[in-house]
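Secondary and tertiary structure notes
Now for the letters of each chain:
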Amino acid sequence: MTEQRSTILGCSLGGLLLAFLALQSLPQSTEGSNILGVFTSHSTSHFIVHMSIMKTLAEKGHNVTVVSSVPPKVTHKSIKHIVIPLSEEEEKLIHGGMVDMVKQKPSIWTTMKSIFTSLAGLINKQVDTLEDKRFTDLYNNKDNKFDVVFVGFFFNTYQVGLSAKFNCPLIVSWMGQPMLMVNEIIGNPELSSVPQMSISVPAGKAMNFQQRLTNFLSSTGFRFLGKFLHFKYQGFYKRLWGDDKSMPSLEQAMKNVSLVFCNSHGISEGPIRPNVPALIEIGGIQVKSKPDPLPEDIKQFMDNSKNGVILFSLGSNLKGDHFNPEVVTTIFKTLSSLKQQVIWKWDDLETTPGKSANILYKKWLPQDDILAHPKLKLFITHAGKGGVAEAQYHGVPMLTLPVFADQPGNADKVVENGYGLRLELNSLEAKEFKETIKEIISNPKYAQKLETFSKLYRDRPQTAQELVVYWTEYVIRHHGAPHMQSPLVHMGTVASNNLDIYALVILALYLIFLVNKIVWKFLWKKCTGKSKKTAQNKKVKKQ
Ligand SMILES: *[C@@H]1O[C@H](CO)[C@@H](O)[C@H](O)[C@H]1NC(C)=O
Ligand SMILES: *[C@@H]1O[C@H](CO)[C@@H](O)[C@H](O)[C@H]1NC(C)=O
C-alpha cells in the first residue's frame, strides 16, 4: 500500500519534472521585450540607420524606448522617444566643423585629422547626453527594466558600460561595413587581404602594392588613433560612472558586447572577408521593400515629367550655406539648363539658389520612395552610405560629389563598379558637370551594371529586417551571447599577434646557434690541437 503510493507519487513527481524540463527547453517567449536604443551621434544619416532597426523591432511588437540628440526622421507610433537636443551654441560648433570639412580635399587623412579638430566637439558632446537627467532617470528609476540596450557607434566605445548600468546585454549598431574600431569590440579579425573602407578594389581582385601600402598605413594610423581615443574614453567613463562602485572597469565592459549589426552586405558590395558570428550584416535595413506613396506635389512633379527626373541631395549633414556660393551658382546654372526635371534638397526655402520651372526645392525628402520611382534617371549625391545603398537597391545611376568621412571611399566604389561617376564639389565646373550628367543619363551601361548588382543585393536567405528581429530576440532569449564570442576579445596585442611565440622561437634559434658555436669551436680546437701535437711529436722523433 505504502509502496504503491510512493510509486504513484514518484510517477507524478517524475511527470512534473518532465513537464518542467520540457517547459525549460522551449525557447522562452521574447514577445513585448523592453528595448532601449541610445544614439548620441549628431549625424542624421547614421541615426536613420539606427532608427530603422528600432522601427523593425517596434513593428514586431517590442516596447522600444529611444534616446537621441537629434529628432528622428524614421519612427514608429509605439516608440517612446526622448530627444536631448543640443544648445544653439553647440549647433553652431557643429555647423562650423562641417564648413571646415567641406573646404578640405576629402581623404582618409583629413578624416583622421578631423577627429582631433572639427569632429572632436561632436565626440565630446555625446557624453553630455548621457549625463542629462532625462537619460539618467532611465536607470535611476528602478521600475524600468530593459532586456537589451543598443548603442550606435560613433567614436563612443565607452558607452559599452551601459550593459552593466542597465544589467542587460548590449548590441552595437554601425552604419557601414565592418570597420577596425567596431571589429575590435567583438574580436573580428583585421586581415592584410581586406581593404579598409577608403580603398576600393573590384570584386574578385586583390589590392596592388600601392593599395596594400595605403591600407597598411591607414589601418596602422587608425590603430594609433584608437589608442588615443581609448585614453579619451577612459576619461569619459570615469566622468560618467567613476563614482559608482558597482560598475566594472571600461576594459571589462568592452569584453561584454553581444553583437554588432553592420549596415553592409559583403557578398554583393564587398569587401569579401571572414566575419565572426557576432557580426551580423543587415545591409539595406533602411530600404523599404515596398515604397510608401509620395507626397502629392512630388508625385505630380515626377509623374508629369517627359524626360525623366534627377534627384539632387547632398545629405542631411550638409546645408546650403556650408558651400562656397560660386559652387551653388554653378550647380543652379547647370541644373536649370537641363531638359530633365530636378528635385533639389535645399534647407532654406526662403532663399533658394534661383527659380526655374524644372526645379522643385524640398527641405526634407522621402529619398527612398523617390529613388523607387520609375521616372528617376539620376541621383546626384554626396555618396553617404545610406543614399548609395538605396540607389543601388533601386538601380539608379549616381553622380557622386563626396565631401568627407566614408564618402570618398563610397564614391570610388560607385565609379569602380560602374554605377556612376565622381566629381569634386569644391572645383565643380559647369561644362564638365553638365557633360557628366548627360553621359550617365544617356549611356545605358551604368543602369545595366546596377541591375545586375540589385539582383545580387536582394538575393538573401533572410531579409535585413528578419535578421534584426531574429538576432535581437536571440540575445534576449539567452541573456547575452558570450558563448559565441571571438576569443580575440580576451587576447592582448602580444597574444593575438603571437609576439611571445615569435620571441620564444628567436630565443630558441639563438640558443641553438650558441650551442652549435661552442661545439664547433671545441671540435675545431680538438682537431687543430691534435694535429699540432702530432706534428710536434714527429719533429721530436726526427731530432
Ligand atoms: C516600456 O518600457 C518602459 C521602460 O522600461 C516602461 O517604463 C514601460 O512601462 C514599458 N511599457 C510596457 C507597456 O511594458
Ligand atoms: C555583461 O552583460 C550582462 C548581460 O548579458 C550584464 O548583466 C552584465 O552586467 C554585464 N557585465 C559587464 C561587466 O559589463
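Higher on the page you've got the structure.
First, a word on scope: everything that follows refers to the structure included in this document. This is a predicted model, so every value here is computed, not measured.

Focus on the overall build of the chain
Helix and strand counts for the chain stand at 21 helices and 13 strands. Looking at the chain as a whole, 49% of its 543 residues are labelled buried. Residue pairs at least 24 apart in sequence account for 66% of intrachain contacts in the chain once pairs closer than 6 positions are excluded.

Some details on the pattern of salt bridges
Across all of its chains, the model carries 16 salt bridges by this definition. Between Asp297 and Lys362 there is a salt bridge, and its shortest N-O distance comes to 2.6 Å. Remark: Lys362 occurs in strand β10 (residues 359–362) and Asp297 occurs in helix α12 (residues 296–303); sequence separation between them is 65 residues. A residue is classified by how much of its surface remains accessible, and Asp297, at 35% relative accessible area, is partly exposed. On the basis of relative accessibility, which here comes to 21%, the residue Lys362 falls in the partly exposed class. Among the salt bridges present, the one from Glu424 reaches Arg422, with a minimum N-O distance of 3.1 Å. Judged by its relative accessible area of 23%, Arg422 is partly exposed.

Regarding the site of ligand 2
Close to ligand 2 lie Ser163, Ala164, Asn167, Cys168, Pro169, Pro248, Asn256, His479 and Gly480. Here Asn256 contributes a side-chain N or O atom positioned 2.4 Å from an oxygen atom of ligand 2. His479 places a polar main-chain atom, nitrogen or oxygen, 3.2 Å from an oxygen atom of ligand 2. Across the complex, the protein chains shield 72% of the 360 Å² of accessible surface that ligand 2 would expose by itself.

Examining the sheet that holds strand β6 (residues 259–262)
Across the sheet, which stays open at both edges, the seven strands sit in the order β3-β2-β1-β4-β5-β6-β7 with parallel pairing between neighbours. Of all strands in the sheet, those with a lone pairing partner are β3 (80–83) and β7 (279–281), marking the two edges. When the angles between neighbouring strand axes are averaged without regard to direction, this sheet yields 20°. The pairing of strand β1 (residues 34–39) with strand β2 (residues 63–68) spans six bridges and is parallel. When the bridges of β2 are listed, Val38 appears paired with Val67. Along the sheet, helix α6 (residues 133–140) makes contact with β1, β2 and β3, crossing β3 at roughly 135°. Across the sheet, helix α19 (residues 464–477) touches β1, β4 (148–152), β5 (170–174), β6 and β7, and the angle it forms with β6 is around 170°.

Thoughts on the packing of helix α2 (residues 44–59) against α19
Orientation of α2 relative to α19, taken along the N-to-C sense of each, is 70°, at an axis distance of 9 Å. With respect to their mutual orientation, α2 and α19 come out roughly perpendicular. Of the residues in α19, those touching α2 at Ile53, Thr56 and Leu57 are Gln465, Val468, Val469 and Thr472. The residue inventory of the contact of α2 with α19, partitioned by class, reads four nonpolar, three polar and no charged.

Digging into the packing of aromatic side chains
If you walk through the whole model with that rule in mind, you get 22 aromatic pairs. Ring geometry for Phe135 and Tyr139: centres 5.9 Å apart, planes at 85°, overall edge-to-face. Here Phe135 pairs with Tyr139, and both are found in helix α6, just four residues apart, close to one helical turn. Here Phe135 matches Tyr139 in class, with each residue buried. Between Trp344 and Trp346 the ring centres are 5.8 Å apart and the planes differ by 85°, which places this aromatic pair in the edge-to-face class. There is no split in this pair, since Trp344 and Trp346 are both buried. In textbook terms, an aromatic cluster arises when at least three aromatic residues are bridged by ring pairs, as seen for Phe135, Tyr139, Phe146 and Phe166. A cation over a ring is seen here: Lys73 above Trp364, with NZ or CZ 4.7 Å from the ring centre.

What about the side chain of Thr381?
One can find Thr381 in strand β11 (residues 376–381). Given the relative accessible area of 0%, Thr381 is considered buried. Contact partners of Thr381, with chain neighbours within four places excluded, come to Ser313, Leu314, Met398, Leu399, Thr400 and Leu401.

Things to note about the site of ligand 1
Contacts to ligand 1 come from Asn34, Asn63, Asn144, Lys145 and Phe146. At 2.4 Å, a side-chain N or O of Asn63 approaches an oxygen atom of ligand 1. Taking Asn144, its side chain carries an N or O atom lying 3.1 Å from an oxygen atom of ligand 1. For the shell around ligand 1, the class distribution of residues is one nonpolar, three polar and one charged.

Some remarks on the pairing of β6
Looking along a regular strand, one sees side chains alternate from face to face of the sheet. A two-sided burial pattern is seen for β6, the buried positions comprising Leu259 and Phe261 on one face and Val260 and Cys262 on the other. The sheet contact formed by β5 and β6 spans four bridges and is parallel. When the bridges of β6 are listed, Trp174 appears paired with Cys262. Bridge count for β6 against β7 is three bridges, and the pairing is parallel. Within β7, the position partnered with Val260 by the bridge is Leu279.

Criteria and cut-off values
Residues numbered from 1 in each chain as written. Chains lettered and ligands numbered in written order. Predicted model: local features only at pLDDT ≥ 70, side-chain atom pairs only at ≥ 80, totals over all residues. Heavy atoms only, no water. Helix = DSSP H or I, 4+ residues; strand = E, 2+ residues; numbered from the N terminus. Buried < 20%, exposed > 50% of the residue type's maximum accessible area, 1.4 Å probe, protein only. Contact = heavy atoms within 4.5 Å. Salt bridge = Lys/Arg side-chain N within 4 Å of Asp/Glu carboxyl O. Near = heavy atom within 4 Å. Polar contact = N/O pair within 3.5 Å; in protein donor to acceptor, adjacent residues only side chain to side chain. Areas by Shrake-Rupley, 256 points an atom, 1.4 Å probe, with all protein chains shown as cover. Pairing = 2+ DSSP bridges. Axes fitted to C-alpha atoms, helices over the stretch in contact; angles between N-to-C directions. Parallel < 35°, antiparallel > 145°, perpendicular 65-115°, else oblique. Nonpolar A, V, L, I, M, F, W, Y, C, P; charged D, E, K, R; others polar. Phe/Tyr/Trp six-rings, centres within 6.5 Å; stacked < 30°, edge-to-face > 60°. Lys NZ or Arg CZ within 6 Å of the ring centre and 35° of its normal.

In short, geometric facts, not functional conclusions.
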